Amino acid sequence: MMAPDSSDGTTSCACKGIRRCLTCEHVKGKEQLEVNKPKILHHFLYNPETKLAEDAEGTSFTFPGVFLWDNFISEEEEKQLMSNIDQDVWNESQSGRRKQDFGPKVNFKKRKVRFGGFSGLPALSQKLVLRMQGEPSLSDFQPVEQCNLDYHPQRGSAIDPHLDDSWLWGERLVTINMLSNTTLTMSLEEGLPGFGLAEEVHVAVRLPRRSLVVLHGEARHRWKHAIHREDVRERRVCSTYRELSSEFLPGGQQAELGAQLLNIALSFKGTLI
């Protein structure tokens, strides 16, 4: 089934709670939505060559846990991937996003996993995963889930600061950024008092079009990550791949279930769930 043309925006909204997009702001009116009080922020920019977070005043600190791979895919591969992705149905998600899921059904609150209709990652991802594994730091990366997210400025798309689950999902989050450049904002609410930064710290990680980014270590487990509305200037689609945590790997309490999930995922026969 062909997905609707994303360039037309959307008239529906899947936002809940404090989540918001341009559609619900238009319907509810901004005065009905939560207004955040201004707060002091320290802004830094990540330098992938030095692996330092730097500000305009010359202050810097080591920012571990980010790996960037420019031009991970070619222009032609991007066209092919997007052609295939847009042939599948996009489901409305929160904060003006749309999504496609290739993975098991998970209840994170109850910590339950079931196969559902999970049939594997999509076929076109097989060569991408093999390419990832050619990088030494990803040589043992075995994704068990792929989530495609569609951002568009007409919908006010964004994703709020968050930490990904670490009960089911493992050490590395791997994302391919397509169709436009954007900025991934890393945030630490408690600041870095050791560097004289007592208030919240933001580190902007610029993601070029067709690049791959890996979050691991402190960037995965300590710093929250977000895509702000103002950093979505054109349509942006990303594919995020997640691996299993140690609980679902050999030696873990749910290793048998993990092996079954991986066998399905790496068959690369997936259809949308």
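Calculation notes
- Chains are numbered independently. Their residues run from 1 in the order of the written sequence.
- Selection of residues for local features in this predicted model requires a pLDDT of at least 70, selection of side-chain atom pairs for listing and counting requires 80 or more, and totals for whole chains, interfaces and linings are taken over all residues.
- Remark: hydrogens and water are excluded; side-chain values derive from all non-hydrogen atoms of the structure.
- Numbering of helices and strands starts at the N terminus; helices are DSSP runs of H or I of at least 4 residues and strands are runs of E of at least 2.
- Think of it in three bands: residues with accessible area under 20% of the maximum for their type are buried, residues over 50% are exposed, and the middle band is partly exposed, with areas taken using a 1.4 Å probe on protein chains only.
- In this description, contact between two residues means that some pair of their heavy atoms is separated by no more than 4.5 Å.
- The protein chains shown are the only cover counted for residues, whose accessible areas, like all others here, come from Shrake-Rupley with a 1.4 Å probe.
- Strands are labelled as partners when DSSP assigns at least two bridges between them.
- Two rings from Phe, Tyr or Trp (for Trp, the six-membered ring) form a pair when their centres are within 6.5 Å of each other. A pair whose planes differ by under 30 degrees is stacked, one over 60 is edge-to-face, and the rest are tilted.
- An arc is given here, and it is the one of the directions from the helix axis to the C-beta atoms.

Q: How would you summarise the overall build of the protein if you had to cite specific residues and measurements?
A: In terms of helices and strands, the protein carries five helices and 16 strands. When each of the 273 residues of the protein is scored for burial, the buried share is 46%. Of the contacts made within the protein by residues no fewer than 6 positions apart, 77% connect residues no fewer than 24 positions apart. About 14100 Å² of surface is accessible on the protein, with carbon and sulfur atoms providing 50% of the total.

Q: Which residues make up the pairing of strand E13 (residues 200–207), and what values do they have?
A: With six of eight residues buried, E13 lies mostly within the body of the structure. Direction of pairing for strand E1 (residues 41–47) relative to E13: parallel, over a ladder of five bridges. Directly across from His 42, in E13, lies its bridge partner Val 201. Alignment of strand E12 (residues 182–188) against E13, held across seven bridges, turns out to be antiparallel. Bridge pairing in E13 places Thr 182 opposite Leu 207.

Q: Please set out the packing of aromatic side chains residue by residue, giving values where relevant.
A: Aromatic rings considered in pairs are described by the distance between their centres and by the relative angle of their planes. If you walk through the whole model with that rule in mind, you get 10 aromatic pairs. When the ring of Phe 44 is compared with that of Phe 61, the centres are 5.0 Å apart and the planes differ by 65 degrees; the resulting orientation is edge-to-face. With a gap of 17 residues between them, Phe 44 in strand E1 and Phe 61 in strand E3 (residues 60–62) connect regions that are remote in the sequence. Take Phe 61: its relative accessible area is 3%, and that puts it in the buried class.

Q: Requested: an account of unusual backbone geometry, with residues and values cited.
A: Backbone geometry places Asn 71, a non-glycine residue, at a positive phi of 50 degrees. Take Asn 71: its relative accessible area is 55%, and that puts it in the exposed class. Of note, the phi angle at Leu 179 is positive, near 80 degrees, even though the residue is not glycine. Its place among the elements puts Leu 179 in the loop between strand E11 (169–178) and E12.

Q: Go over helix H5 (residues 255–265) with me, naming the residues and quoting the values.
A: For H5, the complete set of buried residues consists of Leu 257, Gly 258, Leu 261, Leu 262 and Ala 265. End-on, the buried residues of H5 take up no more than an arc of 135 degrees, which puts them together on one face. Among the exposed residues of H5, those oriented more than 90 degrees off its buried face are Glu 256 and Asn 263. Along its buried surface, H5 packs onto strand E8 (112–114), strand E9 (143–151) and strand E16 (236–244).

Q: For the environment of Glu 77, give the residues involved together with the corresponding values.
A: Relative to the elements of secondary structure, Glu 77 occurs in helix H2 (residues 75–85). For Glu 77, a relative accessible area of 14% translates into the label buried. Note: C-alpha distance between Glu 77 and Arg 210 (133 residues apart in sequence) is 9.2 Å. With residues near it in sequence (within four places) discarded, Glu 77 still touches Phe 72, Lys 127 and Arg 131.

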